Amino acid sequence: MEQQVRLLRPFSKSDVKKALFSIHSSKSPGLDGFGSGFFKGLSEVLPFLVHSNQGAFIKNRNLAHNIMIFQDLLKGYTRKNISARCIMKIDLSKAYDTVDWHFVEELLKNLCFPSRFINWILVCLKGTSYSLLMNGRIQGSFKGEKGLRQGDPISPLLFVLIMEYLTRLLAHNSGKKGFGFHPLCKHLRLTNLCFADDLIIFCKGNINSVRGIQDAFKKFCDSTSLSANKAKSHIFFGGVKEEVKIKILGLMQMDEGSFPLKYLGVHLRPTKWKASECGVILDKLNKNLNCWASRNLSFAGWAQLIHLVMLGIRNFWMSIFILPYKVTAAIDKCCRDFPWGSSGNRSKLHLPSWEKVCLPKKLGGIGFREGKKWNMALMAKYIWASSSKQDCLWVRWINSIYLKDQNIWSIPIKQDMSWYFKKLLKLRQVSDEVSLRQAEKGGKFRVKQFYTSLISAQKVVYAETRSLEPLLAYPIFFMPCL
């Protein structure tokens, strides 16, 4: 009831003005007349309606949590003597374009959304039209009959609710006789992970369990008009006998997958990451470097490109796993060679050292961050999340399969732990509960503050003719390479 009232709560002129002036100019209301406050209303109630297995477009949920849980699920899949289990990686075909509008209306009604709010949603959905452009001229138009508009701020929020329907169907079927959970998911009764249209379903590796999954998914497809792209969907088996595999593959009409697999842009396998498998990170960096190499940029322009683009690519991977030292060193080398230049395999003379460049600006640096320590700081937030008992699926997950209600500071590293969790526990050598608490502010972990505590340096005083500050005094605007 409280969430219903929140959706329809009255607002004053001052509230409208505050909302309007608080959004960025590029996020202003569109031609449909619906402002950001309308979309914020739906996003506020989603955490109360959607299970924690969905990590997209919901406040305080993290893409990395889904990836780390999936990495734990893959543990042991290459071994022979493990209990039967299977994982289905399902690709939804043209997910946004095929959603049935009537289903969306019925879904919102069954979730007890107010009728006035439902009407607002339907106005957004049914107001779509498409124009035909031939030889540079518009040759007519037609009304849309289904689907969610790509780029519409409300579309991903509605799709989250649609995937919640599948989660509830799977939860219902998992309670039926004969269904078996994935061996690691019995305690949490977890059956699937969702991030927008990236869907992972897992269960015990037997016919009855897979049939329960298939029944739920078929009902979901019939209701929503969504369907699986069988050519891009795969099943992964662990400890399943060959004759059972054949029956499951025939039942699901999918092919058996192989490792490594790609999930949310990250290549995963049951075994530990190798430095050679992280080449995709360096490939992306080099692609941007080759695009920018011919551009005439000032030193400040180079600094902005490195900070906003190159280090942004690095930060995505470093916020998920602790990267091998060879990889972080190679990334740092790419970043420091770019402004000063290189000749073949030899770097040109660097005016200041990389250690000085990575200092905060107030200490005389440029504000870059040294790879290894920044990786530690990004991953330390997960130790803080467990230590402070944050309310998220990943914290409950590691408590279920690793900690068993023990403290993360006292649990020893065990052989059967996933490789990423072992590395995470080794971070306790460079951090403690006090330092993590000092990096906390307003109930959130401040990565920058913790990183500052890892570096100990005095302010660097440059000669007046070689100061870096004048080089960074002017803003540089650029178009990043696509």
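Higher on the page you've got the structure.
How each quantity is defined
- Residues numbered from 1 in each chain as written.
- Predicted model: local features only at pLDDT ≥ 70, side-chain atom pairs only at ≥ 80, totals over all residues.
- Heavy atoms only, no water.
- Phe/Tyr/Trp six-rings, centres within 6.5 Å; stacked < 30°, edge-to-face > 60°.
- Helix = DSSP H or I, 4+ residues; strand = E, 2+ residues; numbered from the N terminus.
- Buried < 20%, exposed > 50% of the residue type's maximum accessible area, 1.4 Å probe, protein only.
- Lys NZ or Arg CZ within 6 Å of the ring centre and 35° of its normal.
- Axes fitted to C-alpha atoms, helices over the stretch in contact; angles between N-to-C directions.
- Parallel < 35°, antiparallel > 145°, perpendicular 65-115°, else oblique.
- Contact = heavy atoms within 4.5 Å.
- Nonpolar A, V, L, I, M, F, W, Y, C, P; charged D, E, K, R; others polar.
- Salt bridge = Lys/Arg side-chain N within 4 Å of Asp/Glu carboxyl O.
- Left-handed = near helix turned anticlockwise from the far one by under 90°.
- Pairing = 2+ DSSP bridges.
- Core = buried A, V, L, I, M, F, W, Y, C linked by side-chain atoms within 4.5 Å.
- Patch = residues over 30% accessible without salt bridge, like charges linked within 9 Å, V, L, I, M, F, W, Y side chains within 5 Å.
- Areas by Shrake-Rupley, 256 points an atom, 1.4 Å probe, with all protein chains shown as cover.
- Polar contact = N/O pair within 3.5 Å; in protein donor to acceptor, adjacent residues only side chain to side chain.

(A) Fine view of the packing of aromatic side chains. Enumeration over the complete set of coordinates arrives at 23 aromatic pairs. Ring centres 5.0 Å apart and planes at 75° place the aromatic pair Phe70 and Tyr263 in the edge-to-face group. Here Phe70, found in helix α4 (residues 63-74), pairs with Tyr263, found in strand β8 (residues 261-263); they are 193 residues apart in sequence, far enough to count as distant. Across the pair, exposure class does not vary: Phe70 and Tyr263 are buried alike. Counting every residue linked through ring pairs, the aromatic cluster contains Trp273, Phe316, Trp317, Phe321, Tyr402, Trp419, Tyr420 and Phe421. Its end group placed over the ring of Trp374, Arg369 keeps NZ or CZ at 4.5 Å from the ring centre.

(B) Examining the packing of helix α5 (residues 101-110) against helix α7 (residues 155-174) more closely. Where α5 meets α7, the closest approach of the two axes is 11 Å, and the angle between their N-to-C directions is 75°. Judged by the inter-axis angle, α5 sits roughly perpendicular to α7. Contacts between α5 and α7 involve Phe103, Val104, Leu107 and Leu108 from the first element and Leu161, Ile162 and Tyr165 from the second. Here the residues of the contact of α5 with α7 sort into seven nonpolar, no polar and no charged.

(C) Layout of unusual backbone geometry. Here the bond from Phe259 into Pro260 is cis, since omega is 0°, no more than 30 degrees from zero. Its identity as a non-glycine residue notwithstanding, Asn60 has a phi of 65°, on the positive side. Here Asn60 is to be found in the loop between α3 (36-49) and α4. Classification of Asn60 as exposed rests on a relative accessible area of 63%. For Cys112, which is not glycine, the phi dihedral falls at a positive 65°. Among the residues examined, Cys112 registers a relative accessible area of 45% and is labelled partly exposed.

(D) Molecular detail of the side chain of Ser386. Relative to the elements of secondary structure, Ser386 occurs in helix α14 (residues 371-387). If we ignore the near neighbours within four places in the chain, the residues touching Ser386 are Val395, Ile398, Leu403 and Ile408.

(E) Molecular detail of the pattern of salt bridges. Evaluation of the coordinates by the stated rule reveals eight salt bridges. We note a salt bridge from Asp152 to Arg149, for which the minimum N-O separation is 3.0 Å. What makes Asp152 buried here is its relative accessible area of 11%. In this structure, the salt-bridge partner of Arg396 is Asp391, at a minimum N-O distance of 2.9 Å.

(F) Spatial organisation of the packing of α4 against helix α15 (residues 393-403). At a closest axis distance of 9 Å, the pairing of α4 and α15 adopts a crossing angle of 20°. Accordingly, the angle class assigned to the pair α4 and α15 is roughly parallel. The two elements α4 and α15 meet at a crossing, and its hand is left-handed. Each of His65, Met68, Ile69, Asp72 and Leu73 in α4 lies in contact with α15, whose residues at this interface are Leu393, Trp394, Trp397, Ile401 and Tyr402. Tallied by class, residues from the contact of α4 with α15 come to eight nonpolar, one polar and one charged.

(G) Seen up close, the pairing of strand β3 (residues 137-143). Across the seven residues of β3, zero count as buried, placing the element largely on the outside. As judged from the five bridges shared by strand β2 (residues 129-134) and β3, these two strands associate in the antiparallel manner. The partner of Leu133 across the bridge, within β3, is Ile138. Counted between consecutive antiparallel strands, the loop separating β2 from β3 contains two residues, among which Asn135 sits at a positive phi close to 55°.

(H) Local environment of the nonpolar core. With 87 residues, the main nonpolar core has Phe70, Leu193, Phe321, Trp394 and Phe421 as its most contacted residues. For this core, the element with the most residues is α14, which contributes ten residues.

(I) Here's a closer look at the pairing of strand β6 (residues 234-238). With four of five residues buried, β6 is to be regarded as a mostly interior element. Where strand β1 (residues 85-91) lies against β6, five bridges are found, and the strand directions are antiparallel. Directly across from Lys89, in β6, lies its bridge partner His234. In this sheet, strand β7 (residues 255-256) lies alongside β6 in parallel orientation, the contact comprising two bridges.

(J) Representation of a nonpolar patch on the surface within the structure. A cluster of nonpolar side chains, namely Tyr130, Leu132 and Phe142, defines an oily patch on the protein surface of about 280 Å² accessible area. Locating Phe142 in the fold gives a position in strand β3. The partly exposed category is assigned to Phe142, whose relative accessible area is 43%.

(K) Quick peek at the environment of Arg428. As for its position among the elements, Arg428 is in the loop between α16 (419-426) and α17 (433-438). Beyond its immediate chain neighbours, meaning those up to four positions away, Arg428 contacts Ile383, Ile408, Trp409, Ser410, Ile411 and Ile413. Among the polar contacts made by the side chain of Arg428, one reaches the main-chain carbonyl oxygen of Ile408 at a distance of 2.7 Å. For Arg428, the side chain forms a polar contact with the main-chain oxygen of Leu425, separated by 2.9 Å.

These values are about where atoms sit, not about what they do.
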